[in-house]
Amino acid sequence: MAIDSPPLTSPAEAASPRMSGRDKLTLMVLCAAQFIVALDFSILNVALPVLGDDLGMSQADLQWAVTAFALPSGGFLLFFGRIADLYGRRKLFLTGLVLFTVASALATVAWDPATFLTGRALQGLGAAVIVPTGMSLLTTTFAEGPQRERALGISGTLMSLGFTIGMVLGGVMTDTLGWRSTMGLLAVAGVGVLLAAPGLLTESRRADRPRLDLPGAVTVTGGLLAVIYALSTAAQRGFGGTDVVLALIAGAVLLVAFVVVESRAAEPLVSLPMLRRRTVAWGNLAGLTTFAMMSSVIFLLTLYLQEVLELSAVRTGLIFGVTGVAAALAGMTAPRIIARFGARATLVAGLLVQAVCTAALLGLGDGPAGAWLALVGSSLGCVGHLWAIVAYGVTATSGLPDGSQGLATGLVTSSQQVGLTVGIPLLSALASARVSALRGAGASFAEGTLGGVRLGLGVDAAVVLVVAAATFFGLRRAR
C-alpha cells in the first residue's frame, strides 16, 4: 500500500478549522505559487499589441504569446502530477518554481520573438509542475475536514483572483512601465516564493515507487496538446483551418487511445476506477466548467467595456477590482457554507448562481447602464463561481487515501488549467464568428462586438446551467 509522509496537522487539529502559525505560512507559500501561475494566464492579454510592436511580431503571430504558455501548462499537468507522487512533491515543486522564475526573467529581457516565445513555453512547463505538486502538498499537509476545506477555499479564491487581477495589472503596468514589467513581476514573485518555500515544505511521496505509465503519459499529453493548440488557433482564425481540424482529430484519437491504454495498464497513470467514482467524475466536470465559463465571462466583458462602451483600462480595472473583492469574500465564506449544507449542494448552488448571473448579462446594451450591469452581474457571478471552486475541490478529493491524493489533485488542477486554457479560445471563436457575420451585414464595429459578446455569454450561461443540472443528478445518485 502507498504510504505518504504524515501531514503537519494532528488528527485533533484537523477536526478544527484553526491552523497553527506554521500551517498558515505553508498555505501562504503554496497559494502564492498558484496565484502567480493564474496571474500569468491573463497578465499579457492587454499588453499584446504593445509587445508585438516592440518585438516585431505580426498580428497573426501574437496568439503564440498566449498559446506558447497554454500548450505545456495544460498538456503536462497529469504527467507531472504523477511524477511528483513517485519521486517527491516538494522536490518537483521547487524545481518547477526555479524553472518558472528563470523563464519569466528570460521573457522579461527577450530581444526577439524566438527568445520571448521560448520563455513563455518554459513558463508553461514550470506551471505544469507547480500546479499539481502544489495542490498535492496542500491536500497532504491539511487532513480531510475543516482545515482542508478552508485551505482549498483560500487556494481557489486566489486562483480565480489571479486571473482577474492579471487583467487589471496587465493594462496598468503596460501603460505605466511597459509590457516587460508584467513578466518582471512574475520573476520577482517567483524569487519571493523560492526564498520561503524550502524551510516550510516537507517532502511527500509514494513509498512503493510503481513504474511510470509511459504510454499513458505520451497519449494523454499529446492529446491535450493537440486539443489546446486547436482551440487556441481557432480563436484567432476560426475552425475552418486545416491545422485546426487535423489537431482536433489527432487530439480525439490520442485521448481515446489513452483510455484504451489505461484500461490495460498494470500501473496506470490515471486510475479508471477512480474516474468511475461519481464524486471524482462529476466534481471535475463541474470544476472544468466553472473555470472555463467564468474566465470567458471576464474576457468577454473586457471586450464589451473597452470596445463597446469605450472605457479606459483604468475604469475597466476598477470594475474588475470590485468583482475581485466579491470573489475574495465568497472564497472566505465557502467553507462555512459547505460545513452547513455539504459540498455537493454548495457545488450545484454555485453553478446555478453563476449561470443565472451570466444569463442576466444578456441585457447589456451600448448605454452607460451597461457598465453597472456588468459590475453587478460579474460580481454576483463570481460569488457562485467561488462557491463552486471550493466545493468541487472538496468533492473530488474527499474519501481518497493520501497515496492517491497526487492523482486526485492532478485531476483537480487539470480541470482548473484546462478550463482556463480552453474556455476563452472556444467562446472567443464563437463571438468572433458572430462579429464577422454582423459586420458583413452592415453593422458598426461596436454593434458587431456587442452581438458577439451576447452570443458568447448566452452559450456560456447555457453550458453552466446544463452542467449544474447534470451534476445535481449525478451526485444525487452517488449518495
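Residues numbered from 1 in each chain as written. Predicted model: local features only at pLDDT ≥ 70, side-chain atom pairs only at ≥ 80, totals over all residues. Heavy atoms only, no water.

### Some words on the packing of aromatic side chains
What characterises a pair of aromatic rings is the spacing of the ring centres plus the angle enclosed by the ring planes. For the structure on display, the rule yields two aromatic pairs. Taking the centre distance of 5.4 Å and the plane angle of 85 degrees together, the rings of Phe116 and Trp179 count as edge-to-face. With Phe116 in helix H7 (residues 113-141) and Trp179 in the loop between helix H8 (146-177) and helix H9 (180-196), this residue pair connects regions lying 63 residues apart in the sequence. On the basis of an interplanar angle of 80 degrees and a centroid distance of 5.1 Å, the ring pair of Phe472 and Phe473 is categorised as edge-to-face. Among the residues examined, Phe472 registers a relative accessible area of 38% and is labelled partly exposed. In this structure, Arg340 packs its charged tip against the face of Phe341, placed 4.8 Å from the ring centre. (Phe/Tyr/Trp six-rings, centres within 6.5 Å; stacked < 30°, edge-to-face > 60°. Helix = DSSP H or I, 4+ residues; strand = E, 2+ residues; numbered from the N terminus. Buried < 20%, exposed > 50% of the residue type's maximum accessible area, 1.4 Å probe, protein only. Lys NZ or Arg CZ within 6 Å of the ring centre and 35° of its normal.)

### A word on the pattern of salt bridges
Applying the stated criterion across every chain, the model contains two salt bridges. Of the charged contacts, one joins Asp40 and Arg120 as a salt bridge, the two residues approaching to 2.7 Å between their closest N and O atoms. Here Asp40 is found in helix H2 (residues 21-42), whereas its partner Arg120 is found in helix H7, with 80 residues between them in sequence. Accessibility classification places Asp40 together with Arg120 in one group, the buried group. Where Asp54 meets Arg180, a salt bridge forms, and the shortest distance between an N and an O atom there is 3.3 Å. Pair noted here: Asp54 is in helix H3 (residues 48-55) and Arg180 is in helix H9, with a separation of 126 residues, a long-range link. Classification of Arg180 as partly exposed rests on a relative accessible area of 29%. (Salt bridge = Lys/Arg side-chain N within 4 Å of Asp/Glu carboxyl O.)

### Details of the nonpolar core
Judged by nonpolar contacts, the single largest core of 98 residues is most densely connected at Phe93, Phe116 and Leu305. Among all residues touching Phe116, those that are not within four sequence positions of it are Leu44, Leu51, Leu55, Met57, Ala65, Ala107, Ala110, Trp179 and Met183. With 19 residues, the next largest nonpolar core counts Leu231, Val244, Ala247 and Phe258 among its residues. (Core = buried A, V, L, I, M, F, W, Y, C linked by side-chain atoms within 4.5 Å. Contact = heavy atoms within 4.5 Å.)

### Some thoughts on the side chain of Asp460
Structurally, Asp460 can be placed in helix H18 (residues 445-478). Lacking a salt bridge, the buried Asp460 has Arg454 as its closest oppositely charged neighbour, with an N-O distance of 15 Å. If sequence neighbours within four positions are ignored, Asp460 has contacts with Met293, Ser296, Val297, Thr358 and Leu427. (Lys, Arg positive; Asp, Glu negative; His and termini not counted.)

### Concerning the packing of helix H13 (residues 278-308) against helix H16 (residues 369-397)
Contact geometry of H13 with H16 gives a least axis separation of 9 Å together with a crossing angle of 160 degrees. Taken together, the axes of H13 and H16 lie roughly antiparallel to each other. When you trace H13 past H16, the crossing you get is left-handed. Contacts between H13 and H16 involve Thr279, Val280, Gly283, Asn284, Gly287, Thr290, Phe291, Met294, Leu301, Tyr304 and Leu305 from the first element and Gly370, Ala371, Ala374, Ser378, Gly381, Cys382, His385, Ala388, Ile389, Tyr392, Thr395 and Ala396 from the second. Of the residues assigned to the contact of H13 with H16, the class counts are 13 nonpolar, ten polar and no charged. (Axes fitted to C-alpha atoms, helices over the stretch in contact; angles between N-to-C directions. Parallel < 35°, antiparallel > 145°, perpendicular 65-115°, else oblique. Left-handed = near helix turned anticlockwise from the far one by under 90°. Nonpolar A, V, L, I, M, F, W, Y, C, P; charged D, E, K, R; others polar.)

### So, helix H15 (residues 343-360)
Between its first and last C-alpha, H15 extends 26 Å over 18 residues, near the 26 Å set by a 1.5 Å rise per residue. The complete set of buried residues in H15 reads Ala343, Thr346, Leu347, Val348, Gly350, Leu351, Gln354, Ala355, Cys357 and Thr358. (Expected span 1.5 Å × (residues − 1).)

### Some thoughts on the environment of Ser263
Position of Ser263 among the secondary structure elements: in helix H11 (residues 242-264). The sequence separation of Ser263 and Pro273 amounts to ten residues, and the corresponding C-alpha distance is 9.4 Å.

### Re the environment of Ala469
Tracing the backbone shows Ala469 in helix H18. Look at Ala469 and you get partly exposed, because its relative accessible area is 37%.

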